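Analysis of the macromolecular model
Read off the chains here:
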Amino acid sequence: SVPFLVRLFPSVLTKFVFLNFLAFPFFADFRRPELLVNNTINLHLTTEPGVTVGIWHTVPGSRGAEARGKDQRWYEEALADAHPVIIYLHGNGGTR
């Protein structure tokens, strides 16, 4: 019966393969990453009209003391300075 259900409802297979409807750790607020990860802020980038990508900007521990208590503007300026930026793409399943 499972192959028959997958044939009728292919989106069900996608849900169970990627499990993108689950958020782990449970009850975590991923819109406030500073509660989960030190020196991190939640930002949104508009890549093209109608497409917005949510990102977390995390500064390294060596700049942690400098980042403490700073607002979004400081993090945006930190992206534009001479320090290298590492982009981590987690894939299409799960959450940031």
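Before reading on, note that the structure itself is shown above.
One numbering rule holds for all chains: residues counted from 1, following each sequence as written. Owing to the predicted nature of the model, reporting of local features is limited to residues with pLDDT of at least 70; listing and counting of side-chain atom pairs is limited to 80 or more, with chain, interface and lining totals taken over all residues. Working from all heavy atoms in the structure, the side-chain values ignore hydrogens and water.

1. Things to note about a nonpolar patch on the surface
Patch building starts from residues that exceed 30% relative accessible area and form no salt bridge, then joins like charges within 9 Å and nonpolar side chains (Val, Leu, Ile, Met, Phe, Trp, Tyr) within 5 Å. The Shrake-Rupley method, run with a 1.4 Å probe, gives the accessible areas here. Residue values count only the displayed protein chains as cover. Here, a salt bridge means any side-chain nitrogen of Lys or Arg that lies within 4 Å of a carboxyl oxygen of Asp or Glu. A cluster of nonpolar side chains, F4, L5, L8, F9, V12, F16, L19, F21, L22, F26 and F27, forms an exposed patch at the surface whose accessible area comes to about 1200 Å². Taken together, the elements giving at least two residues each to the nonpolar patch come down to α1 (2-8) and α2 (10-18). When residues in the nonpolar patch are grouped by element, the largest group, three residues, is from α1. By definition, any uninterrupted DSSP run of H or I lasting at least four residues is a helix, any uninterrupted run of E lasting at least two residues is a strand, and each is numbered from the N terminus. Structurally, F26 can be placed in the loop between α2 and β1 (40-48).

2. Digging into the nonpolar core
The tendency in soluble globular proteins is for nonpolar side chains to be buried as a group. We define a nonpolar core as any set of buried Ala, Val, Leu, Ile, Met, Phe, Trp, Tyr and Cys residues linked to one another through side-chain atoms lying within 4.5 Å. We call a residue buried when its accessible area falls under 20% of the maximum for its residue type, exposed when it is over 50%, and partly exposed in between, using a 1.4 Å probe and counting protein chains only. Grouped together as the largest cluster of nonpolar side chains are seven residues: I41, L43, V59, A67, W74, Y75 and A78. Taken together, the elements giving at least two residues each to this core come down to β1 and α4 (72-80). It is α4 that provides the largest number of residues to this core, a total of three residues.

3. Considering the packing of aromatic side chains
Pairing of aromatic rings covers Phe, Tyr and Trp, the last through its six-membered ring, and needs centres within 6.5 Å; plane angles under 30 degrees mean stacked, over 60 mean edge-to-face, and all others mean tilted. A complete count under the given rule lists one aromatic pair for this structure. Between W74 and Y75 the ring centres are 5.1 Å apart and the planes differ by 85°, which places this aromatic pair in the edge-to-face class.

4. Side note on α4
All buried positions along α4 are accounted for by W74, Y75 and A78. For α4, the angular spread of the buried residues around the axis is 100°, confining them to a single face. Exposed residues pointing more than 90 degrees away from the buried face of α4 are listed as R73 and A80. Note on contacts: a residue pair is in contact if any heavy atoms of the two residues lie within 4.5 Å. Looking at the buried positions of α4, the neighbouring elements they touch are β1, β2 (51-58) and α3 (64-67). For this quantity, the arc is that covered by the directions from the helix axis to the C-beta atoms.

5. Some remarks on the side chain of R63
Along the polypeptide, R63 turns up in the loop between β2 and α3. Exposure remark for R63: the relative accessible area of 12% places this residue in the buried category. Contacts of R63, omitting those with residues within four sequence positions, involve W74, A78, D81 and H83.

6. A few points about unusual backbone geometry
Located in the positive-phi region is N39, a residue other than glycine, with phi close to 60°. Along the chain, N39 turns up in the loop between α2 and β1. Taking relative accessible area as the criterion, N39 reaches 16% and is therefore assigned buried.

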